[in-house]
Amino acid sequence: MIALNKLTAIKISASVVILLICYTVISNYYDLIESKGFIDQISSLGFSALIIVVPYFVIILSDTWGWFNCFSKKMLRRSYGKLFIIRAATEALQTSLPGGAVYAELVRPHLLKKHLHLEYSESISANIITKINILVAQVLFLICGLMILTINFSENISSTQFVSIPMFYLSTVIFISLIFLFTYLLYKQNLLLWIIRFLDRINYKVVRNFLRKIQQPLIDINNTISIFYRNHKTKIFLTIVFFFFTWILFSVESLVILKVMGIDASISQMMLIESLISIIRIFFFFIPGALGPQDAGLIILFNLVGLPDPTLNAFIFVLLKRSKELIWITIGYILLLFLGIRPGNLFTKKGMNFAASVEMPTKF
């Protein structure tokens, strides 16, 4: 009963925090824009705004194909449609819930076992490898964004008055270097075994008990990643290519939204904006859709790349993008029901039990 009360208190607190963030963002935006101009522009969009829903369908197609190549087990092409539905459904969880990535990664193995008869070990291994390759593709995309910034917009960085040019480039170089180092250590240098050895040297009871619980799963995960790297280098390359192409598609989606708004932007401007805003999403992963920080970042970046009336247009852009997300979140939750998952049950202890006691493979 006490545990239930604590859980209820956490849910209520999280809801209050999210509502406060939403209120702060909306009220601040309202103070920054001219309401009449905003209403006039929204009214002028008409039914053409519905086209903004389409690009995300292509994004999920590309993202699913990258995920498809992260499975060591040879999967039939007919499984791709089911993978697409599972991906779209679980992405809705990731986008809409605080810490939604956790729920998405718990639900995916369950759905893969139920609908594609894959063992939890195979599903979890594929998800881990997927996350690594998405990160690599994101870094490559970020490098492209920085190249565009250097060539076309570097003189505008200091005008934002938020960061100096040397500090900006130093931060991005450090970030990129750490990601590549992390990936190299995971694939080739048994990073997880290093972590186990490090923890094993700490002679404290709490650490020892913790290590005893996680040691074997970490060893098995490390073996899974290492074996996949040795035996499936072509798949690793293909999945990084598809995930990189997915990041390009995010830029195309933003370009379509701006075209609907009547703003003449270029794909290079959108690649720059999407590459930098992706970093904000990483740092604020615990907020659904990075609501607030991402939106504030867009105002800065719209100003950086020289788009007209950056405050007003960033607000309309965010409104259209969030509306698109809301539509796909609704579709995702409908797909979850179709797949046999009741979203409300995910918040109960019983609903999380399917993720427990999973054995990881030691070979493929």
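First, a word on scope: everything that follows refers to the structure included in this document. (Residues numbered from 1 in each chain as written. Predicted model: local features only at pLDDT ≥ 70, side-chain atom pairs only at ≥ 80, totals over all residues. Heavy atoms only, no water.)

1. Looking at the pattern of salt bridges
Note the cut-off: Note on definitions: salt bridges are taken to be side-chain nitrogens of Lys or Arg within 4 Å of carboxyl oxygens of Asp or Glu. Only DSSP runs of H or I reaching four residues or more are called helices, and only runs of E reaching two or more are called strands; each is numbered from the N terminus.
Following the criterion strictly, the structure yields nine salt bridges and no others. Note that Arg108 and Glu105 form a salt bridge whose closest N and O atoms lie 2.7 Å from each other. Separated by three residues within a single helix, Arg108 and Glu105 lie in helix 5 (residues 100-116), roughly one turn from each other. Members of the salt-bridge network, linked through shared partners, are Glu91, Glu105, Arg108 and Lys131.

2. Side note on the nonpolar core
Rules: We define the nonpolar core as a collection of buried residues of types Ala, Val, Leu, Ile, Met, Phe, Trp, Tyr and Cys that are connected through side-chain atoms lying within 4.5 Å of one another. A 1.4 Å probe rolled over the protein chains alone gives each residue an accessible area, and that area as a share of the maximum for its type sets the label: buried under 20%, exposed over 50%, partly exposed in between. The contact rule is simple, with two residues in contact once any of their heavy atoms fall within 4.5 Å.
Formed by 91 residues in total, the largest nonpolar core has its most connected members in Leu112, Leu258, Met261, Ile273, Phe302 and Leu307. Top contributing element to this core by residue count: helix 6 (residues 120-153), with 13 residues. Non-local contacts of Leu307, meaning those with residues more than four positions away in its chain, are made with Leu258, Ile263, Ala265, Gln269, Met270, Ile273 and Phe302.

3. Concerning a nonpolar patch on the surface
Definition in use: Patch membership requires over 30% relative accessible area and the absence of a salt bridge. Like charges are linked within 9 Å, and nonpolar side chains (Val, Leu, Ile, Met, Phe, Trp, Tyr) within 5 Å. The protein chains shown are the only cover counted for residues, whose accessible areas, like all others here, come from Shrake-Rupley with a 1.4 Å probe.
Residues Leu170, Ile174, Leu178, Leu181 and Tyr184 make up a contiguous nonpolar surface patch of about 480 Å² in total accessible area. If you trace the backbone, Leu170 turns up in helix 7 (residues 165-188).

4. Topic: the side chain of Glu274
If you trace the backbone, Glu274 turns up in helix 11 (residues 267-283). Ignoring anything within four residues of it in the chain, the contact list for Glu274 reads Phe141, Phe250, Ser251, Ser254, Arg281 and Lys321.

5. Re the packing of aromatic side chains
Stated precisely, the cut-off is as follows: Ring pairs are drawn from Phe, Tyr and Trp, using the six-membered ring of Trp, whenever the two centres fall within 6.5 Å, and their geometry is named by plane angle: stacked under 30 degrees, edge-to-face over 60, tilted for the rest.
Considering all chains together, one arrives at eleven aromatic pairs under this definition. Ring geometry for Trp65 and Phe242: centres 6.0 Å apart, planes at 65 degrees, overall edge-to-face. Remark: Phe242 occurs in helix 10 (residues 233-260) and Trp65 occurs in helix 3 (residues 54-68); sequence separation between them is 177 residues. A relative accessible area of 25% places Phe242 in the partly exposed class.

6. Side note on the packing of helix 10 against helix 13 (residues 310-338)
Formally: Here an angle of 0 to 180 degrees is reported between the N-to-C directions of two axes, which are lines fitted to C-alpha atoms, with helices fitted over the stretch in contact. To sort the angles, those under 35 degrees are grouped as roughly parallel, those over 145 as roughly antiparallel, those from 65 to 115 as roughly perpendicular, and the leftovers as oblique. Whether a crossing is left-handed or right-handed is set by the direction in which the near helix is turned from the far one by less than a right angle, anticlockwise for left-handed and clockwise for right-handed. Ten residue types, Ala, Val, Leu, Ile, Met, Phe, Trp, Tyr, Cys and Pro, are classed as nonpolar, four, Asp, Glu, Lys and Arg, as charged, and the remainder, Gly among them, as polar.
Where helix 10 meets helix 13, the axes come as close as 10 Å, and the angle between the chain directions of the two elements is 120 degrees. The angle between helix 10 and helix 13 places the two elements in the oblique class. Note on packing geometry: the crossing formed by helix 10 with helix 13 is right-handed. On the side of helix 10, the interface is formed by Glu253, Ser254, Ile257 and Leu258, while helix 13 contributes Phe317, Leu320, Lys321 and Lys324. Looking at side-chain class alone, the contact of helix 10 with helix 13 contains four nonpolar, one polar and three charged residues.

7. Focus: helix 9 (residues 205-231)
Here is the rule we go by: In a helix, the anticipated span is given by 1.5 Å times the number of residues less one.
Its 27 residues place the ends of helix 9 39 Å apart at the C-alpha level, agreeing with the 39 Å of an ideal helix rising 1.5 Å per residue. Every buried residue belonging to helix 9 is among Leu211, Leu218, Asp220, Ile221, Asn222, Thr224, Ile225, Ser226, Ile227 and Phe228, and all of these are buried.

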